[in-house]
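# A structural walkthrough
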Amino acid sequence: MEWLTGPFEVAFVQRALWSGILVSLICATTGTWVVLRGMTFLGDAMSHGMLPGVAIASLCGGNLLIGAAVSAGVMACGVTVLGRSRRLTQDTGIGLLFVGMLSLGVIIVSRSQSFAVDLTGFLFGDVLAVREQDLVNLGVALCVATLVSVLGYRSFLALVFDERKAHTLGLRPRLAHGLLLGLVTLAIVTSFHVVGTLLVFGLLIAPPAAALPWAQRVPWVMCGAALFGIGATFLGLLLSWHLRTAAGATIAAVAVLLFLLSALAAGFRRRRVRNPQPLSALESEGNTDTCHGLES
């Protein structure tokens, strides 16, 4: 059993494991809404759209978190403004902002002598170099994400499954959508400099997508996503230690692999019982529960 427990006896691997667990919990809380809402492309755009702010902060010797937050805020505001245009679809607006922000970031970073190193660190992070203060920051972010998700649960649920009904019931869907953007920004900004945008986006999408076929309620999807994310973190760190591969990229690859295995198992189960339960089943139940709860 030394091969299984040996790597986690090292202090920096223990910190990497805890950081991965915290990021997995944050991403499970936020990513579930992202997947159900169909905001996957937006999450990808947000994670890479932070590059200009990070690049400027790095070149000026400023705080990377502040630079990332400002850049992500600009990205979120741009998505909101372009989303109101009747001539552009939301995906078109997000795509334009994605390419524009990423290109601007690469141009800024290319002015630095350490272009390759900076860009690699932005994409993949350094999960094995996590400090205790980083764990504290992630813990605070987890508390905030959980609080927002709990307080806005009904509004988020109604927004995900029926935006028009949410408006009719006075749940202010625009505000709920803004809070979802804030949750995505929080998850990405607080985690990217620890584990990189690649790992953040992988844990934001893959675990909730893997848990979705096995759960009928949103809280259970979140719990399943947390378990998939934690499992991917543990296995990824273990494999990277023995195979001498990049830890962040290995964790992200394991998360995607777990999703593929989950999808295959769910497909096999549907064929076996011949009674599939697609997302519409979750949607109808969510709509029913939400409407009953709100009407009462």
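Residues numbered from 1 in each chain as written. Predicted model: local features only at pLDDT ≥ 70, side-chain atom pairs only at ≥ 80, totals over all residues. Heavy atoms only, no water.

### Structural notes on the overall build of the chain
The condition is simple: In DSSP terms, a helix is any run of H or I states spanning at least four residues, a strand is any run of E spanning at least two, and both are numbered starting from the N terminus. Partly exposed describes any residue whose relative accessible area lies between the buried limit of under 20% and the exposed limit of over 50%, with all areas from a 1.4 Å probe on protein chains only and scaled to the type maximum. The Shrake-Rupley method, run with a 1.4 Å probe sphere, supplies the accessible areas, and residue values consider only the shown protein chains as cover.
Helix and strand content of the chain: 14 helices and 0 strands. Traced from its N-terminal end to its C-terminal end, the chain shows the element sequence α-α-α-α-α-α-α-α-α-α-α-α-α-α. The buried share among the 296 residues of the chain stands at 45%. A total of about 15,000 Å² of accessible surface is found on the chain, and carbon and sulfur atoms cover 65% of it.

### Quick look at helix α4 (residues 51–60)
Restricting attention to buried positions, one finds in α4 the residues Leu51, Pro52, Gly53, Val54, Ala55 and Ala57. One or two steps after α4, the chain reaches glycine 61, where phi turns positive at roughly 75 degrees.

### Here we look at the packing of aromatic side chains
We apply this condition: Ring geometry is summarised as follows: Phe, Tyr and Trp rings, the Trp one being its six-membered ring, pair when their centres sit within 6.5 Å, and such pairs are stacked at plane angles under 30 degrees, edge-to-face over 60 and tilted between the two.
According to the stated counting rule, one finds 4 aromatic pairs in the structure shown. With a centroid separation of 4.7 Å and an interplanar angle of 10 degrees, the aromatic rings of phenylalanine 8 and phenylalanine 234 are classed as stacked. Placement of phenylalanine 8 in the loop between α1 (2–5) and α2 (11–37) and of phenylalanine 234 in helix α12 (residues 218–243) is noted, with a sequence separation of 226 residues between them. The buried category is assigned to phenylalanine 8, whose relative accessible area is 12%. By relative accessible area, which is 29% here, phenylalanine 234 ends up partly exposed. Residues tryptophan 33 and tyrosine 153 carry aromatic rings whose centres are separated by 5.8 Å and whose planes lie at 65 degrees to one another, so their mutual orientation is edge-to-face. In this pair, tryptophan 33 is assigned in helix α2 and tyrosine 153 in helix α9 (residues 153–161), connecting sequence segments 120 residues apart. Through successive ring pairs, a cluster of aromatic residues spans Trp33, Tyr153 and Phe156.

### What to know about the nonpolar core
Across soluble globular proteins, you tend to see nonpolar side chains buried next to one another. Applicable threshold: Residues grouped as a nonpolar core are buried Ala, Val, Leu, Ile, Met, Phe, Trp, Tyr and Cys residues, joined through side-chain atoms within 4.5 Å. Contact between two residues is taken to exist if any of their heavy atoms lie within 4.5 Å; hydrogens are not considered.
Among the nonpolar cores identified, the biggest contains 67 residues, and Trp33, Met46, Met50 and Leu237 are the most heavily contacted of them. Here this core takes 17 residues from helix α11 (residues 173–211), the largest share from any one element. Residues contacting leucine 237, with those up to four places away along its chain left out, are Phe8, Val13, Ala16, Leu17, Val127, Leu128, Ala247 and Ile251.

### Brief notes about helix α8 (residues 132–151)
For the α-helix, the turn length of 3.6 residues means that residues three or four positions removed from each other point alike. Keep this limit in mind: Each residue after the first adds 1.5 Å to the expected span of a helix. For this quantity, the arc is that covered by the directions from the helix axis to the C-beta atoms.
Here α8 spans 29 Å end to end across 20 residues, near enough to the 28 Å set by a 1.5 Å rise per residue. Taken together, the buried positions of α8 are occupied by Asp134, Leu135, Leu138, Ala141, Leu142, Ala145 and Ser149. All buried residues of α8 project into a common sector of 120 degrees when viewed along the axis, lining one side. The outward face of α8, more than 90 degrees from its buried face, is lined by the exposed residues Glu132, Cys143, Leu147, Val150 and Leu151.

### A word on a nonpolar patch on the surface
The criterion, for reference: Patches here: salt-bridge-free residues with over 30% relative accessible area, like charges joined within 9 Å, nonpolar side chains (Val, Leu, Ile, Met, Phe, Trp, Tyr) joined within 5 Å. A pairing counts as a salt bridge when a side-chain nitrogen of Lys or Arg comes within 4 Å of a carboxyl oxygen of Asp or Glu.
A cluster of nonpolar side chains, Val256, Leu257, Leu260, Leu261 and Leu264, forms an exposed patch at the surface whose accessible area comes to about 470 Å². Tracing the sequence through the fold places leucine 264 in helix α13 (residues 247–273).

### Examining the pattern of salt bridges
Inspection of every chain in the model, using the stated rule, returns 1 salt bridge. A salt bridge links arginine 131 to aspartate 134; the shortest N-O distance between them is 3.4 Å. Residue class for aspartate 134 comes out buried when judged on its relative accessible area of 6%.

### Topic: the packing of α2 against α8
Any two packed helices are characterised by how steeply their axes cross, that is the angle between the axes, and by the distance between the axes. Worth spelling out the cut-off: Axis lines are fitted to C-alpha atoms, over the contacting stretch for helices. Their N-to-C directions set the angle, which ranges from 0 to 180 degrees. Throughout, the term roughly parallel applies to angles under 35 degrees, roughly antiparallel to angles over 145, roughly perpendicular to angles from 65 to 115, and oblique to all others. In this scheme the handedness of a crossing depends on how the near helix is turned from the far one: anticlockwise by less than a right angle means left-handed, clockwise means right-handed. Gly is placed with the polar residues, together with every amino acid not listed as nonpolar (Ala, Val, Leu, Ile, Met, Phe, Trp, Tyr, Cys and Pro) or charged (Asp, Glu, Lys and Arg).
α8 packs onto α2 with a crossing angle of 20 degrees between their chain directions and a minimal axis gap of 10 Å. On the basis of the axis angle, α2 is roughly parallel to α8. Between α2 and α8 lies a crossing whose hand is left-handed. In this structure, α2 contributes Arg15, Trp18, Ser19, Leu22, Val23, Leu25, Ile26, Thr29, Thr30 and Trp33 to the contact, and α8 contributes Glu132, Leu135, Leu138, Gly139, Ala141, Leu142, Ala145, Thr146 and Ser149. Each residue belonging to the contact of α2 with α8 can be placed in one class, and the counts come to 11 nonpolar, 6 polar and 2 charged.

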